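If you want the building blocks of each chain, they are given just below.
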Amino acid sequence: MTLIELRGVTKTFAGRVETVTPIEDLDFTVGAGEFVSLMGPSGSGKTTLLHLLAGIDRPTKGSVRVGDAEITGLSASALASWRARAVGYVFQQYNLIPVLTAFENVEVPLLLLRMSRSEREQRIGTALAAVGLTDRAHHLPRQLSGGQQQRVAIARAIVADPVVVLADEPTGNLDRTAARATLELLRRLVDEFGKTLVMVTHDHEAAARADRVVELDKGRIVGANAATTSEVDEHA
Ligand SMILES: Nc1ncnc2c1ncn2[C@@H]1O[C@H](COP(=O)(O)OP(=O)(O)OP(=O)(O)O)[C@@H](O)[C@H]1O
Ligand SMILES: [Mg+2]
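Within each chain, residues carry numbers counting from 1 in the order of the written sequence. Each chain is given a letter, starting from A, and each ligand a number, starting from 1, according to the order in which they appear as written. Restriction of local features to residues with pLDDT of at least 70 applies here, the model being predicted, together with a cutoff of 80 or more for giving and counting side-chain atom pairs; totals for whole chains, interfaces and linings are based on all residues. Note that water and hydrogens are dropped before the side-chain values are worked out from all heavy atoms of the structure.

Asks: Provide a residue-level description of the site of ligand 1, including the pertinent values.
Replies: The environment of ligand 1 is formed by 13 residues, the closest being S42, G43, K46, T47 and T48. We define a polar contact as two N or O atoms separated by no more than 3.5 Å, with the added condition that, inside protein, one atom must be a possible hydrogen donor and the other a possible acceptor, whereas residues neighbouring each other in sequence contribute only through side-chain atom pairs. Separating an oxygen atom of ligand 1 from a side-chain N or O atom of K46 is a distance of 2.7 Å. With respect to ligand 1, the side chain of T47 contributes an N or O atom lying 2.8 Å from an oxygen atom. Residue exposure ignores everything except the shown protein chains as possible cover, and the areas themselves are Shrake-Rupley values with a 1.4 Å probe. Protein contacts shield 59% of the accessible area of ligand 1, which totals 640 Å² for the unbound molecule. Secondary structure follows DSSP: runs of H or I at least 4 residues long count as helices, runs of E at least 2 residues long count as strands, and numbering of each begins at the N terminus. It is helix α1 (residues 46–54) that contributes the most residues to the shell around ligand 1, three residues altogether. Only Asp, Glu, Lys and Arg are considered charged, only Ala, Val, Leu, Ile, Met, Phe, Trp, Tyr, Cys and Pro nonpolar, and every remaining residue, Gly among them, polar. The residue inventory of the shell around ligand 1, partitioned by class, reads four nonpolar, seven polar and two charged. By convention in these notes, a residue is near a molecule or strand provided one of its non-hydrogen atoms lies within 4 Å of it.

Okay, here's the thing in structure tokens:
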């Protein structure tokens, strides 16, 4: 089953001096429960594509569908509430709030949802346990290693139980050991928790953990190896 479907998507940023088109007439699909790596040179449109999938940016042309939601047609407030429920986003720089503990950072996305305090606490406990940080819940980000901070960021991305997790170079700031642990964790999100994961990476070893590697160049897909979405469908 296809979960994410982009059809004829173009994204143009019109500046005062020049117009940039990082994504051009792109068709892209991801199956439910699939783990896709997105590679490509700097400036090829990878982050722009993740922003389109997350509803952070809207396409200039074309349509973006995630599950039942045609994102392109949603109002700003409908889009914000859809995003809070459906998408978890992991950043290269972790983007944790420095004055909040690990527990409080993971709590942030839940504050956008209607939920009792006890349910919030239970979900945060589950998410921190899933990333192996139960014993670091009350530490501030600066009291954690880079790898631990990235695991807090992953807990924050999954705490609302989204269908889609998007990760932009999640191992870019980590050493080999921490990067491997993070990839192991991302792989488990797909295999054990049934998440659909799109991960941008420059690292071939990281990319190889995915079910499929898609390469972008100048806003177009230039190569896609391993299973195509339809092959994954047949085996699902
Ligand atoms: N908000 C914006 N306004 C104007 N131009 C933008 C904006 N966002 C991205 N761009 C331009 O779009 C192009 C693609 O950027 P993008 O961030 O998607 O690249 P990338 O593949 O993620 O690169 P990197 O590997 O360096 O992170 C770049 O030329 C960038 O300058
Ligand atoms: Mg980028």
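Asks: How would you sum up the packing of aromatic side chains? Please name residues and give values.
Replies: In this scheme Phe, Tyr and Trp rings, the latter by its six-membered ring, pair at centre separations within 6.5 Å, and the angle between planes marks the pair as stacked below 30 degrees, edge-to-face above 60, and tilted otherwise. In this structure the tally under the stated criterion is one aromatic pair. Relative to F91, the ring of Y89 has its centre 4.7 Å away and its plane inclined at 40 degrees; by these criteria the two rings are tilted. Residue class for Y89 comes out buried when judged on its relative accessible area of 11%. A 1.4 Å probe rolled over the protein chains alone gives each residue an accessible area, and that area as a share of the maximum for its type sets the label: buried under 20%, exposed over 50%, partly exposed in between.

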